[in-house]
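One letter stands for each residue in the lines below.
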Amino acid sequence: TADGRLRCELTGHAADVSSLAFSPDGEHIVSGGHDGTARLWRITDSSLDRILEHRSDVLSVAFSPDGKTVAVGTLGKAVYVWDVASGKLVHIWPHDGPVLSVAFALDGRSLATAEGFTGVVRIWHIGEDKVVRLLQGHRGDVASVAFSPQGDILASAGSEDRSVCLWRVKDGGLVRVLPHSVGVS
């Protein structure tokens, strides 16, 4: 809060929490943990709305821009896409490495995923069970992905190769590599 006081405390994970995301309306938080769960919390009263079970550690979480969907990246080499209202699993998308980061485009039609070990970034279209773009340019873990506000550029951070790659979403072309002197996450 503005005065620095604790607004709510969310307890319940049986292991460390690895990722958090606010819903677009600011009323909910999704937390992902090494206990294999993603949990949907109501901020106003700290209540737990739903537990989303996974087969392995949850490494990354993101709400869609409309707040109706949550994407969950796991150590088990998969992304799970859940309907928030019903708690139903909408998609499971396999990967070749643990999924370290997930990010929705602002229009909500695309999801970017970043893999550990492989250096691969994938762009998926929501509603389809296929990869639209496979972006390869990093060596080792891709720690983070983020869409530009216009949705035309995707940034990916390689922790091992110490670079940020900027990609054109429409054709997967590499626009620029921004080198760093240390790992980027």
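Our structure's up above, just so we're on the same page.
Residues numbered from 1 in each chain as written. Predicted model: local features only at pLDDT ≥ 70, side-chain atom pairs only at ≥ 80, totals over all residues. Heavy atoms only, no water.

Visitor: Let's hear about the pairing of strand β12 (residues 131-136): which residues, and what values?
Guide: One face of the sheet, then the other: side chains in a regular strand alternate in exactly this way. Relative to β12, strand β11 (residues 120-125) runs antiparallel, the two being bridged by five bridges. By the bridge assignment for β12, valine 120 is matched with glutamine 136. The turn linking β11 back onto β12 is made up of five residues, and glycine 127 within it adopts a positive phi angle of 95°. (Pairing = 2+ DSSP bridges. Helix = DSSP H or I, 4+ residues; strand = E, 2+ residues; numbered from the N terminus.)

Visitor: Describe the sheet that holds strand β10 (residues 110-115), with residues and values.
Guide: Across the sheet, which stays open at both edges, the four strands sit in the order β9-β10-β11-β12 with antiparallel pairing between neighbours. Of all strands in the sheet, those bounded by a partner on one side alone are β9 (99-104) and β12. Direction aside, neighbouring strands of the sheet carry axes that sit 20° apart on average. Note: β9 against β10, five bridges, orientation antiparallel. Along β10, the bridge assignment pairs serine 101 with alanine 114. (Axes fitted to C-alpha atoms, helices over the stretch in contact; angles between N-to-C directions.)

Visitor: I'd like to hear about the sheet that holds strand β7 (residues 78-83), residue by residue, with values.
Guide: Reading across from one edge, β5-β6-β7-β8 is the order of the four strands in this open sheet, with antiparallel pairing throughout. Each edge of the sheet is formed by a strand with only one pairing partner; in this case those strands are β5 (58-63) and β8 (89-94). For this sheet the average axis-to-axis angle between neighbouring strands, irrespective of direction, equals 15°. Pairing analysis gives five bridges linking strand β6 (residues 69-74) to β7, with the strands arranged antiparallel. Residue pairing for β7: glycine 73 is matched across the bridge by valine 79.

Visitor: I'd love a proper account of the side chain of serine 23, names of residues and values included.
Guide: In this structure, serine 23 sits in the loop between β1 (17-22) and β2 (28-33). Excluding residues that lie within four positions of it along the chain, serine 23 makes contacts with His28 and Phe63. (Contact = heavy atoms within 4.5 Å.)

Visitor: For the nonpolar core, give the residues involved together with the corresponding values.
Guide: Membership of the largest hydrophobic core comes to 14 residues, with the highest contact counts inside it found for Val121, Leu135, Val145, Phe147 and Leu154. Secondary-structure elements contributing two or more residues to this core are β10, β11, β13 (142-147) and β15 (163-168). Sorting elements by how many residues they give to this core places β13 first, with three residues. Leave out the neighbours within four places in its chain, and leucine 135 touches Gly119, Val120, Val121, Ile123, Leu154, Trp167 and Gly172. In this structure, Val61, Phe63, Val72 and Ala78 belong to the second largest nonpolar core, which totals 13 residues. (Core = buried A, V, L, I, M, F, W, Y, C linked by side-chain atoms within 4.5 Å. Buried < 20%, exposed > 50% of the residue type's maximum accessible area, 1.4 Å probe, protein only.)

Visitor: Tell me about unusual backbone geometry, and name the residues and values.
Guide: With a phi close to 60°, serine 46 is a non-glycine residue in the positive phi region. Along the chain, serine 46 falls in the loop between β3 (37-42) and β4 (47-53). The exposure class assigned to serine 46 is partly exposed, which follows from its relative accessible area of 22%. One non-glycine residue, phenylalanine 117, adopts positive backbone phi at about 70°. Here phenylalanine 117 is to be found in the loop between β10 and β11.

Visitor: Could you give me a rundown of the pattern of salt bridges, with the residues and numbers involved?
Guide: Under the counting rule described, the total for this entry stands at eight salt bridges. Between arginine 42 and aspartate 45 there is a salt bridge whose closest N-O contact spans 3.6 Å. Residue lysine 130 is joined to glutamate 128 by a salt bridge in which the shortest nitrogen-to-oxygen separation is 3.8 Å. On the basis of relative accessibility, which here comes to 32%, the residue glutamate 128 falls in the partly exposed class. (Salt bridge = Lys/Arg side-chain N within 4 Å of Asp/Glu carboxyl O.)

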